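Chain residues, written in single-letter form:
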Amino acid sequence: QGRLVESGGGLVQAGGSLRLSCTAPGNNYYTYIKAWFRRAPGKDREFVAAISWNGGRTYYGDAVKGRVTISRDNTKNTMTLQMNDLEPGDTAVYYCAARRPVAGDDSEADQYDVWGQGIQVTVSS
């Protein structure tokens, strides 16, 4: 089974922006639904955003709605998460994930087949 690779994390001040990227070396998963999740210290994994295979539909978690944008470019084998107006509460390890385009809940982590190793995002106050 393949895996995904995240990049673009780091340290940013509150109010700043970061752009996360996710690629799939050796695999495109272009028909797969893709998503971002995050896990903050001491908290459960949280849904951030998901995008349909062609980018035509996007979904966002309530905690980030209006501040993040998910997009994908299947020709470049890349999915991105543009995060703006970051808050200290956004500090977490961010994971990209992919799942087959079958019926299910795009916000449920258990629905996803392929995962990245995660990347740290830290927002300082």
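The structure under discussion appears in the preceding block.
Residues numbered from 1 in each chain as written. Predicted model: local features only at pLDDT ≥ 70, side-chain atom pairs only at ≥ 80, totals over all residues. Heavy atoms only, no water.

Caption draft 1: Molecular detail of the side chain of R72. Looking at the secondary structure, you find R72 in strand β7 (residues 68-73). No salt bridge is formed by the buried R72. Its closest oppositely charged neighbour is D73, at 8.3 Å. Within polar-contact distance, the side chain of R72 engages the backbone oxygen of Y29 at 3.3 Å. A polar contact is formed between the side chain of R72 and the backbone oxygen of S52, at a distance of 3.0 Å. (Helix = DSSP H or I, 4+ residues; strand = E, 2+ residues; numbered from the N terminus. Buried < 20%, exposed > 50% of the residue type's maximum accessible area, 1.4 Å probe, protein only. Lys, Arg positive; Asp, Glu negative; His and termini not counted. Salt bridge = Lys/Arg side-chain N within 4 Å of Asp/Glu carboxyl O. Polar contact = N/O pair within 3.5 Å; in protein donor to acceptor, adjacent residues only side chain to side chain.)

Caption draft 2: Local environment of the side chain of T80. Within the secondary structure, T80 is located in strand β8 (residues 78-83). A polar contact of 2.6 Å, which involves the side chain of T80, links it to the side chain of S71. Non-local contacts of T80, meaning those with residues more than four positions away in its chain, are made with R19, L20, S21, W36, T69, I70 and S71. (Contact = heavy atoms within 4.5 Å.)

Caption draft 3: Summary view of the environment of D106. Structurally, the position occupied by D106 is in the loop between β9 (92-99) and β10 (114-115). Linking D106 and A35, residues 71 residues apart in sequence, is a C-alpha distance of 7.7 Å. Apart from the residues within four sequence positions on either side, D106 is in contact with I33, F37, F47, A50, Y59, R99 and Y112.

Caption draft 4: Representation of the environment of R67. Mapping R67 onto the fold places it in the loop between β6 (58-60) and β7. Among the polar contacts listed, one links the side chain of R67 to the backbone oxygen of A63, at a separation of 3.0 Å. For R67, the side chain forms a polar contact with the main-chain oxygen of D85, separated by 3.1 Å.

Caption draft 5: Here's a closer look at the sheet that holds strand β3 (residues 18-23). If you trace the 4 strands from one edge of the open sheet to the other, you get β1-β3-β8-β7, paired in antiparallel fashion. In this open sheet, the two edge strands, each paired with only one partner strand, are β1 (5-7) and β7. Recorded for the sheet is a direction-independent mean angle of 15° between the axes of neighbouring strands. (Pairing = 2+ DSSP bridges. Axes fitted to C-alpha atoms, helices over the stretch in contact; angles between N-to-C directions.)

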